[in-house]
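Breakdown of the fold
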Amino acid sequence: MIGRGGLQDRLAPFLAAAAAFLAFYPALGNDFVHWDDYSNFVENPRLGRLGLAEVRWMLSTFQLAHWQPLSWLSLGLDSLIWGQRPFGFHLTNLLLHCANAALVVLLIREVLGRGDRDPGPWPAAAGALFFALHPLRVEAVAWATQRREVLSAFFCLWTVLLYLKGRLRAALGCYLLALAAKVTVIGLPAALLTLDLYPLGRLPPGKEAFSREFFPVWTEKIPFALAALVFALIGLAAQSASPALVPLEQYGPLERLAQAFFSLAFYPAKSLVPEGLSPWYGESYRLAHPGFAAAGFALAAGLVPALWAAARTRSAPLAAAAFYFFMLFPTMGLVKSGRQIVGDRYSYLPCLPLAVAVAWAVSRLGRRAVLPVLGLAAFLGWRTSVQCGVWSDNLSLWGRALEIEPDSSFAQANMGLALLREDRPAAAAEYFERQLETLPKGPQRTFLQYVSALAHNNLGLERAAQGESAAAEREFRKALKFNPDLSRTHDNLALTLYRSGRAAEALPHFEAAVALEPGAPELRVNLGIALAKLGRRKRAEDSFREALRLDPAHEGARRALGTLAPARK
């Protein structure tokens, strides 16, 4: 147990938390982004109330391929308090991150105090500032949907602290809460074993660690491991229930290994040089940066002997590397979920050993470290404030993603959607056309074909309103090329052709619109008008009467039918 109680001991965690709040303060003004936020919050009828039905849904839903009942509960409470105002959701994320910064101060002192010597409050605060102010943390904090990341980390940090203090039951309880917030912390039981090597020294070097004498050290992890296994199976079921889980035939073993090697090197490199951060890193980013995969392969090649050496020597650096590996393992891509190869948010817990290393170095330098620490904190805080702006709105978010990875079909599609929501169909259509041919097969392609068609349809309406019938026709035809099953686009093209004096060309599109949406009376009226123009009065009359059957109060159908009556007499 590390002895504490002085004023500095109490101030250091608050200093780390306050500095984190200041650095991330710009995120409080951010909007929701159309990357899961709207599906989770704005368009989710389950939030805004917190009755028995909502709690049941939170416990059972696999929405967007995640099982996160505790995170849903916290988001539900936010929704009760703040409604659909983004400020409240961002505030809770930030407060959780500030709490995590304070916990990291305590964690650093426990680790170094047990393994070497207590670094004191200010070196521990320096390490916590490196963790809390780093721009790699921005995605987990400034993206409202990532409540699961900061909430799960909060309980994970408590789990480690309680474990270091020997309070196993309390640690297990916190671990269950961490898993209920986010399943990807399933690597923690293995990471706890590294703490038994260093700093706790509960396992001896070499083969003796597996002797009967030390069985209690291993068996006490069984409840943690069983909890991780159960939650991992639930998480896998959530992934399997959506298109997020990528099958082996689409993404083979070699590609998965390449992604895993890439991940191993990516996060330490970005921790040391936080340049070129992006909300999205896809396959084209990996292919453009082969150095990460090569460095990750070299790191992995030395990992097994490094772990063996850690078991024999209880070396702090090697134990830290093992902790990093075990916490990162679930997101390395061996079980492939989604098209992203890495994500800034995945660094939140795995990179904790770097914060411990910073604290250790500062404790050795003493007063000579004051200016470097202040300079580093100022630099990281500034970069974090800037990075928070990336998540301020959709255009900023996907503009940054395309700046880092111009060939990303996913980023191009989302920029197109953002522009479409801003009522800028012409700009949106350019992005959709640019990315569509590079998309993989499957539900994602089908969805993007739909939104591409929608963009061209809206652009056609804009051109038609300006009297540019030829340009409108081109856009409607492009829309139908992307998605031939849009009834309204068939009708829009048919009306454009009809108004240009090409009723015969318009007729098949009027008929297609009715066939795709037979219950729409206005489409039947348009078809009837075209039929009457072409002299097919009996069919026209039938079309008008069917429109009136669908909607007896439809004035357009009634007037159109009236124009046919004199001709029949």
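Structure: above.
Rules used in this analysis
- Residues numbered from 1 in each chain as written.
- Predicted model: local features only at pLDDT ≥ 70, side-chain atom pairs only at ≥ 80, totals over all residues.
- Heavy atoms only, no water.
- Salt bridge = Lys/Arg side-chain N within 4 Å of Asp/Glu carboxyl O.
- Helix = DSSP H or I, 4+ residues; strand = E, 2+ residues; numbered from the N terminus.
- Buried < 20%, exposed > 50% of the residue type's maximum accessible area, 1.4 Å probe, protein only.
- Axes fitted to C-alpha atoms, helices over the stretch in contact; angles between N-to-C directions.
- Parallel < 35°, antiparallel > 145°, perpendicular 65-115°, else oblique.
- Left-handed = near helix turned anticlockwise from the far one by under 90°.
- Contact = heavy atoms within 4.5 Å.
- 1 Å grid on protein atoms, 1.4 Å probe; cavity = no way out; pocket = protein on both sides within 12 Å on 5 of 7 lines; lining within 4 Å.
- Points joined across faces, edges and corners; volume = space filled by probe spheres on them.
- Nonpolar A, V, L, I, M, F, W, Y, C, P; charged D, E, K, R; others polar.
- Lys, Arg positive; Asp, Glu negative; His and termini not counted.
- Polar contact = N/O pair within 3.5 Å; in protein donor to acceptor, adjacent residues only side chain to side chain.
- Phe/Tyr/Trp six-rings, centres within 6.5 Å; stacked < 30°, edge-to-face > 60°.
- Expected span 1.5 Å × (residues − 1).
- Patch = residues over 30% accessible without salt bridge, like charges linked within 9 Å, V, L, I, M, F, W, Y side chains within 5 Å.
- Areas by Shrake-Rupley, 256 points an atom, 1.4 Å probe, with all protein chains shown as cover.

**Here's the deal with the pattern of salt bridges**
- Applying the stated rule across the entire model yields 26 salt bridges.
- In this structure, aspartate 196 engages lysine 221 in a salt bridge whose closest nitrogen and oxygen atoms are separated by 2.7 Å. Highlighted residues: aspartate 196 in helix H10 (residues 188-197) and lysine 221 in the loop between helix H11 (215-219) and helix H12 (222-240), separated in sequence by 25 residues. Comparing aspartate 196 with lysine 221 shows no difference in burial state: the two are buried.
- Where arginine 383 meets glutamate 275, a salt bridge forms, and the shortest distance between an N and an O atom there is 2.8 Å. Taken together, the positions of arginine 383 in helix H19 (residues 370-390) and glutamate 275 in the loop between helix H13 (253-272) and helix H14 (283-288) put the pair 108 residues apart, joining distant regions of the chain.
- Of the residues examined, glutamate 275 reaches a relative accessible area of 43% and is grouped as partly exposed.
- Beyond isolated ion pairs, a larger network of salt bridges with shared partners links Asp196, Arg202, Glu220 and Lys221.

**Details of the packing of helix H1 (residues 7-24) against helix H6 (residues 121-133)**
- For the pair H1 and H6, interaxial distance at closest approach is 9 Å and the crossing angle is 20°. Compared by their axis directions, H1 and H6 come out roughly parallel. The element H1 and its partner H6 pack so that their crossing is right-handed. Across the interface between the two elements, Gln8, Asp9, Leu11, Ala12, Leu15, Ala16, Ala19, Ala20, Ala23 and Phe24 from H1 touch Pro121, Trp122, Ala125, Ala128, Leu129, Ala132 and Leu133 from H6.

**Quick look at the layout of surface pockets**
- In this structure, the second largest pocket occupies an estimated 380 Å³ of space.
- Val111, Ala316, Ala320, Pro353 and Val356 are the residues nearest the centre of the second largest pocket, which is lined by 19 residues in total.
- Counting residues per element, the ones that place at least two in the lining of the second largest pocket are helix H5 (86-115), H10, helix H17 (316-328) and helix H18 (352-365).
- Of the residues that constitute the lining of the second largest pocket, the class distribution is 17 nonpolar, one polar and one charged.

**Some details on the environment of tryptophan 360**
- Topologically, tryptophan 360 is positioned in helix H18.
- Since its relative accessible area comes to 42%, tryptophan 360 is described here as partly exposed.
- Along the sequence, tryptophan 360 and glycine 127 sit 233 residues apart, while their C-alpha atoms lie 8.1 Å from each other.
- When neighbours within four sequence positions are excluded, tryptophan 360 is seen to be in contact with Leu112 and Asp116.

**Regarding the side chain of aspartate 344**
- Note that aspartate 344 resides in the loop between H17 and H18.
- Lysine 270 provides the closest opposite charge to the buried, unpaired aspartate 344, separated from it by 7.6 Å.
- Separated by 2.8 Å, the side chains of aspartate 344 and tyrosine 281 make a polar contact.

**A few points about the packing of aromatic side chains**
- Under the defined criterion, the tally for this structure stands at 31 aromatic pairs.
- Plain terms: the ring middles of phenylalanine 379 and tryptophan 382 are 6.1 Å apart, the flat faces sit at 50° to each other, and that makes the pair tilted. With phenylalanine 379 and tryptophan 382 both in helix H19 and three residues apart, the pair spans about one turn of that helix.
- For tryptophan 382, a relative accessible area of 52% puts it in the exposed group.

**Focus: empty space enclosed by the protein**
- Applying the stated criterion across every chain, the model contains four cavities of 30 Å³ or more.
- Each pocket or cavity is described by its volume, and for the largest cavity that value is around 100 Å³.
- Residue lining of the largest cavity: Glu149, Lys182, Thr184, Val185, Met327, Thr331, Arg345, Tyr346, Tyr348, Leu349 and Pro350, and that is the complete set.
- When its residues are assigned to classes, the lining of the largest cavity shows six nonpolar, two polar and three charged.
- The volume enclosed by the second largest cavity comes to roughly 50 Å³.
- Lining the second largest cavity, in full, are Ala126, Leu129, Phe130, Val358, Val373, Leu376, Ala377 and Leu380.
- Taken together, the elements giving at least two residues each to the lining of the second largest cavity come down to H6 and H19.
- Per-element tally for the lining of the second largest cavity: the top contributor is H19, with four residues.
- Its residues placed into classes, the lining of the second largest cavity shows eight nonpolar, no polar and no charged.

**Quick notes on helix H21 (residues 409-421)**
- Its 13 residues place the ends of H21 18 Å apart at the C-alpha level, agreeing with the 18 Å of an ideal helix rising 1.5 Å per residue.
- Most of H21 sits inside the fold, with 12 of its 13 residues counted as buried.
- Along H21, the positions that sit buried rather than exposed are Ser409, Phe410, Ala411, Gln412, Ala413, Asn414, Met415, Gly416, Leu417, Ala418, Leu419 and Leu420.

**Observations regarding a nonpolar patch on the surface**
- A grouping of Leu50, Val55, Leu59, Leu73, Leu77, Leu80 and Ile81 is seen on the molecular surface, where their side chains present a nonpolar patch of about 570 Å² in accessible area.
- Listing elements by their share of the nonpolar patch, those giving two or more residues are helix H3 (52-60) and helix H4 (69-82).
- For the nonpolar patch, the element with the highest residue contribution is H4, accounting for four residues.
- By the secondary structure assignment, leucine 59 is in helix H3.

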